[in-house]
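What follows is the residue order along each chain.
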Amino acid sequence: MEYEQICPAIAPVFGYFGVMAATVLSNMGAAYGTAKAGVGIMKAGVIVPELIWKNLIPIIMAGVNGIYGLITAIIILNNIAQPNQDGFRVYSLYTSFGHLAAGLSCGLCGLASGMCIGVSGDAGIRSFTQCDYMSKTEPKGQGFGRKKKKAGAENVFVGSVLIQVFGGNLALYGMITAIILTQTSYDCEDN
């Protein structure tokens, strides 16, 4: 194959698109998850203010998605090769498409993860707060009793955290896939 076909001048653009996709999409997921869960926290804070600190878990988990995108972007950036001393381009289309795929993999998984964490976090926070509030305001002798209701609130909290953990794993899987994709490369000097 011809050198211009294997290592065109435009090849780094695809690598940089991968950097952008990893960073932007992962941080969009982090922002959405933070905003969605933040609405639930503020609503819950009006009802039971002492639960605000306990309900911050989805905010932290959503923020990790942005970190995954940043890590992937740094890995891709470090692998985008500059022309050598003779001015020959060494960064191939093969490598650049791998880097684009890595960025999209991490970014889209981070976006999906952030949406999952935000929606499940918001619903979990509201449910946990409602159960906790009901256990504190229910008159004694009615319903299932105080102990049963409090245990119900804790079970909702544990279930909510587990859902968010599995939702957060989606971003981790995307980052692992991205790291594997960045290991595939072809340098034009090898030819």
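Residues numbered from 1 in each chain as written. Predicted model: local features only at pLDDT ≥ 70, side-chain atom pairs only at ≥ 80, totals over all residues. Heavy atoms only, no water.

Caption draft 1: The arrangement of the overall build of the protein chain in detail. Counting secondary structure elements, the protein chain contains five helices and zero strands. N-terminal to C-terminal, the α/β element order of the protein chain is α-α-α-α-α. Along the first, second and third principal axes, the C-alpha atoms of the protein chain reach 85 × 25 × 20 Å. Taking contacts inside the protein chain between residues at least 6 apart in sequence as the whole, the part at least 24 apart equals 86%. As presented, the protein chain carries roughly 10,300 Å² of accessible surface, and 69% of it is formed by carbon and sulfur atoms. (Helix = DSSP H or I, 4+ residues; strand = E, 2+ residues; numbered from the N terminus. Contact = heavy atoms within 4.5 Å. Areas by Shrake-Rupley, 256 points an atom, 1.4 Å probe, with all protein chains shown as cover.)

Caption draft 2: View of the UniProt feature "domain: V-ATPase proteolipid subunit C-like" (unreviewed entry) in the protein chain. As annotated in UniProt, the feature "domain: V-ATPase proteolipid subunit C-like" (unreviewed entry) corresponds to residues 17–76 and 100–181 in the numbering used here. Annotated as residues 17–76, this span is 85% helix and 0% strand, and its ends, taken at the C-alpha atoms, are 10 Å apart. (UniProt positions renumbered as here; feature names shortened; annotations may be inferred.)

Caption draft 3: Just the packing of helix α2 (residues 11–47) against helix α4 (residues 93–137), in detail. Interaxial distance between α2 and α4 falls to 6 Å at its minimum, and their mutual angle equals 5°. In this view, α2 runs roughly parallel relative to α4, as classed from their interaxial angle. Grouping the constituent residues of the contact of α2 with α4 by class yields 24 nonpolar, 14 polar and four charged. (Axes fitted to C-alpha atoms, helices over the stretch in contact; angles between N-to-C directions. Parallel < 35°, antiparallel > 145°, perpendicular 65-115°, else oblique. Nonpolar A, V, L, I, M, F, W, Y, C, P; charged D, E, K, R; others polar.)

Caption draft 4: Quick peek at the nonpolar core. One finds V19, Y68, I76, I80 and C106 to be the most contacted residues of the largest nonpolar core, which totals 13 residues. Elements with a contribution of two residues or more to this core: α2, α3 (57–79), α4 and α5 (146–182). Those residues in contact with C106 that lie beyond four places of it in its chain are A22, S26, Y68, G69, T72, G174, M175 and A178. By size, the runner-up hydrophobic cluster in this structure holds five residues, among which are V48, F128, A153 and F157. (Core = buried A, V, L, I, M, F, W, Y, C linked by side-chain atoms within 4.5 Å. Buried < 20%, exposed > 50% of the residue type's maximum accessible area, 1.4 Å probe, protein only.)

Caption draft 5: Highlighting the environment of I117. Mapping I117 onto the fold places it in helix α4. Separated by 88 residues in the primary sequence, I117 and G29 place their C-alpha atoms 9.0 Å from one another. In this structure, I117 is in contact with P58, M61, A62, N65, D122, Q164, G167 and G168, ignoring residues within four places of it in sequence.

Caption draft 6: The arrangement of the packing of aromatic side chains in detail. As enumerated under the stated definition, the model contains two aromatic pairs in all. Judged by centre distance (5.1 Å) and plane angle (45°), the ring pair of F128 and F157 falls under tilted. Here F128, found in helix α4, pairs with F157, found in helix α5; they are 29 residues apart in sequence, far enough to count as distant. Per residue, the accessibility class of F128 equals that of F157, and both read buried. The ring of F157 has K54 sitting right over it, with the charged end atom 4.7 Å from the ring centre. (Phe/Tyr/Trp six-rings, centres within 6.5 Å; stacked < 30°, edge-to-face > 60°. Lys NZ or Arg CZ within 6 Å of the ring centre and 35° of its normal.)

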